[in-house]
Amino acid sequence: FPNSWDWRDHNAVTPVKNQGSCGSCWAFSTTGNIEGQWALTNKKLYSLSEQELVDCDKIDEGCNGGLPSQAYEAIMKLGGLETEKDYKYDGHDEKCTFNKTKVVVTLQGAVNISQNETEMAVWLYKNGPISIGINAFAMQFYFGGIAHPWKIFCDPSSLDHGVLIVGYGVEKGEPFWIIKNSWGADWGREGYYYVYRGDGTCGLNTMCTSATVT
Ligand SMILES: CCC[C@@H](/C=C/S(=O)(=O)c1ccccc1)NC(=O)[C@H](Cc1ccccc1)NC(=O)N1CCC(N2CCOCC2)CC1
């Protein structure tokens, strides 16, 4: 597999979004993964609805948190995902207005991905962006470069944020992951987080999942 790969160059990633003051990071991680899976399987890149998950996914807890693995389950129960356009994001827990006739994407299932970062890179290259959990402590103080926070500041066993790995590479000998965040394009590097690849930093390798689409 190549030394570097970036799904943004292959029409599998939508523009960076902003979750606002709602703890819906898990929903953005989920839609980001499914946008990529759908684009690569069906050659169509849709921007998918996080608000549908916030309002209608009763397994998760809307603005109070959730898990992509649970969201995949909920999407299968609901019957699929609507587009961002049809079910707009407004960053508050609201009444579910899901309309099954507007579904554009359906799921077949989901997979757990290896915690080995080399195997993760191979999976990403072969299949698309990966939804992950990460300890976001260091992300709150990130202004660029390749982050490599000390373990004492970024406990790999306390994951609190859901984000999306869209690529990987090496810069001046340092391997890194390219992570799409949901805090707007003004945060980090145009909305992205570049973090060291290879030593399980901040637990980014411990909860890697993907939906499988029809
Ligand atoms: C209050 C929810 C905050 C939100 C993200 C908010 S955030 O704004 O992106 C942010 C994160 C970190 C620092 C600052 C800001 N975090 C989540 O939703 C995180 C995301 C995550 C964590 C671990 C692995 C993958 C994804 N999840 C969670 O917070 N939760 C996971 C599910 C859990 N349920 C409890 C009851 O039993 C069922 C499970 C509730 C908490």
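What you see is a predicted model; the values in this text were computed from it and never measured. (Residues numbered from 1 in each chain as written. Predicted model: local features only at pLDDT ≥ 70, side-chain atom pairs only at ≥ 80, totals over all residues. Heavy atoms only, no water.)

Some remarks on the overall build of the protein
Regarding its fold elements, the protein presents 4 helices and 7 strands. When its helices and strands are written in sequence order, the protein yields β-α-α-α-β-α-β-β-β-β-β. A globule of 214 residues ought to have a C-alpha radius of gyration of about 17 Å, and the protein, at 16 Å, matches this closely. Counting only C-alpha atoms, the protein reaches 50 × 35 × 30 Å along its principal axes. The long-range fraction of contacts in the protein, counting pairs at least 24 apart against all pairs at least 6 apart in sequence, stands at 73%. Accessible area of the protein: about 9700 Å², with a carbon and sulfur share of 52%. Looking at charge distribution, the protein has the averaged site of its 17 positive side-chain charges lying 6 Å from that of its 25 negative ones. (Helix = DSSP H or I, 4+ residues; strand = E, 2+ residues; numbered from the N terminus. Rg over C-alpha atoms; globule rule 2.2 N^0.38 Å. Contact = heavy atoms within 4.5 Å. Areas by Shrake-Rupley, 256 points an atom, 1.4 Å probe, with all protein chains shown as cover. Lys, Arg positive; Asp, Glu negative; His and termini not counted. Charge placed at Lys NZ, Arg CZ, Asp CG, Glu CD.)

Here's the deal with the packing of aromatic side chains
Applying the stated rule across the entire model yields 12 aromatic pairs. Taken together, a centroid distance of 4.9 Å and an interplanar angle of 85° make the contact between Trp 5 and Tyr 125 edge-to-face. Of this pair, Trp 5 sits in strand β1 (residues 5-6) while Tyr 125 sits in helix α4 (residues 117-127), and the two are 120 residues apart along the sequence. For Tyr 125, a relative accessible area of 33% translates into the label partly exposed. (Phe/Tyr/Trp six-rings, centres within 6.5 Å; stacked < 30°, edge-to-face > 60°. Buried < 20%, exposed > 50% of the residue type's maximum accessible area, 1.4 Å probe, protein only.)

So, the state of the cysteines
Overall, the coordinates contain 3 disulfides when judged by the stated rule. The disulfide that involves Cys 22 links it to Cys 63, with 2.1 Å between the sulfurs. Taking the sign of the S-S torsion, -95° for the link of Cys 22 and Cys 63, the bridge is left-handed. Of this pair, Cys 22 sits in the loop between β1 and α1 (25-42) while Cys 63 is found in the loop between α2 (51-56) and α3 (68-78), placing the two residues 41 residues apart along the sequence. By relative accessible area, which is 16% here, Cys 63 ends up buried. Along the protein, the cysteines that take part in disulfide bonds pair up as 1-3, 2-4, 5-6, counted in sequence order. The cysteine Cys 208 is free of any disulfide, with Cys 202 supplying the nearest cysteine sulfur at 13 Å. (Disulfide = S-S within 2.5 Å.)

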